[in-house]
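Coordinate analysis (summary)
Here are the chains, one letter per residue:
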Amino acid sequence: QVQLVESGGGLVQAGGSLRLSCAASGRTLSSFTMAWFRRAPGKEREFVTAIIWSGGNTIYADSVKGRFTISRDNAKNTVYLQMNSLKPEDTAVYYCAARPADYGLSNRQVDFGSWGQGTQVTVSS
């Protein structure tokens, strides 16, 4: 099991940027495929992006393509989500999640067994 802690959320104006971090402990990050999900007010949690253990392959939800970038630094046991050109509809609690690297990329919540507690991102118009 790996423990995940998100940080970097906050309040930003539309068009602005934020960078979220997800720090892992308990296991080495290179053993995991990592992902970000989000839950907007009154909505179900949804997939945002995922990255394989090496960082060599990523997938994104259509709603964030071209604006968000996922990256990882296995030496620092940290995954990042750079969010640019933020919109009010990006307002949500953002969660990082992990699944064993052997299973590859996925955009399904049920495939991820470890979750952080979430960090709030609020985008004002």
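This report concerns the structure included in the present document. This one's a predicted model, so the numbers in the text were calculated from it and none came from an experiment. (Residues numbered from 1 in each chain as written. Predicted model: local features only at pLDDT ≥ 70, side-chain atom pairs only at ≥ 80, totals over all residues. Heavy atoms only, no water.)

1. A word on the overall build of the protein
For the record, the criterion: Elements are defined by DSSP. Helices are runs of H or I of four residues or more, strands are runs of E of two residues or more, and each kind is numbered from the N terminus. As defined in this context, the radius of gyration uses C-alpha atoms, and a globule is described by 2.2 Å times the residue total to the power 0.38. In what follows, a contact means two residues having at least one pair of non-hydrogen atoms within 4.5 Å. Note on areas: these come from Shrake-Rupley sampling with a 1.4 Å probe, and a residue is covered only by the protein chains present in the view.
Secondary structure assignment for the protein yields zero helices and eleven strands. Relative to its length of 125 residues, the protein is compact, with a C-alpha radius of gyration of 13 Å against a globular reference of 14 Å. Along the first, second and third principal axes, the C-alpha set of the protein runs to 40 × 25 × 25 Å. When contacts within the protein are restricted to residue pairs at least 6 apart in sequence, those whose partners lie at least 24 apart make up 61%. Approximately 6,100 Å² of the protein is accessible, and the part contributed by carbon and sulfur atoms is 46%.

2. Considering the nonpolar core
To be explicit about the condition: Here, nonpolar core refers to any group of buried Ala, Val, Leu, Ile, Met, Phe, Trp, Tyr and Cys residues whose side-chain atoms link them within 4.5 Å. We call a residue buried when its accessible area falls under 20% of the maximum for its residue type, exposed when it is over 50%, and partly exposed in between, using a 1.4 Å probe and counting protein chains only.
In this structure, Leu 4, Met 34, Trp 36, Phe 68, Leu 81, Met 83 and Tyr 94 are the most contacted members of the largest nonpolar core, which totals 34 residues. If you list the elements that add at least two residues to this core, you get strand 3 (18-25), strand 4 (32-39), strand 5 (45-51), strand 7 (68-73), strand 8 (78-83), strand 9 (92-100) and strand 11 (119-124). Contact partners of Leu 4, with chain neighbours within four places excluded, come to Cys 22, Ala 23, Ala 24, Met 34, Cys 96, Ala 97, Ala 98, Ser 114, Trp 115, Gly 116 and Gln 117.

3. Digging into the state of the cysteines
Convention followed: To count as a disulfide, a pair of cysteine sulfur atoms needs to be within 2.5 Å.
Counted by the stated rule, this structure contains one disulfide. The side chain of Cys 22 participates in a disulfide bridge whose partner is Cys 96; the two sulfur atoms lie 2.0 Å from each other. With the S-S bond torsion at 55 degrees, the cross-link from Cys 22 to Cys 96 turns out right-handed. Pair noted here: Cys 22 is in strand 3 and Cys 96 is in strand 9, with a separation of 74 residues, a long-range link. Here the two residues Cys 22 and Cys 96 agree in accessibility, since each one is buried.

4. Quick look at the pairing of strand 5
Selection criterion: Only strands joined by at least two bridges in the DSSP assignment are considered to pair.
With five of seven residues buried, strand 5 is to be regarded as a mostly interior element. In this structure, strand 4 lies alongside strand 5, joined through six bridges in antiparallel fashion. Of the residues in strand 5, the one forming a bridge with Arg 38 is Glu 46. If you look at the hairpin formed by strand 4 and strand 5, you'll find five residues sitting between the two strands, and Gly 42 has a positive phi there, around 75 degrees. Strand direction decides the pairing type here: strand 5 and strand 6 (residues 58-60), joined by three bridges, are antiparallel. In the strand pairing of strand 6, Thr 49 is matched with Tyr 60. Here strand 5 hands over to strand 6 after six residues, with Gly 55 in that stretch at a positive phi of 85 degrees.

5. As for the sheet that holds strand 1 (residues 3-7)
Stated formally: For helices, the fitted line uses only the C-alpha atoms of the stretch in contact; every axis is such a line through C-alpha atoms, and the angle between N-to-C directions lies from 0 to 180 degrees.
Spatially, four strands are ordered 1-3-8-7 in an open sheet, and the strand pairing comes out antiparallel. The open sheet has two free edges, formed respectively by strand 1 and strand 7, since each of these has just one partner strand. Recorded for the sheet is a direction-independent mean angle of 15 degrees between the axes of neighbouring strands. In this sheet, strand 8 lies alongside strand 7 in antiparallel orientation, the contact comprising six bridges. Considered in strand 8, the bridge of Ser 71 is made with Tyr 80.

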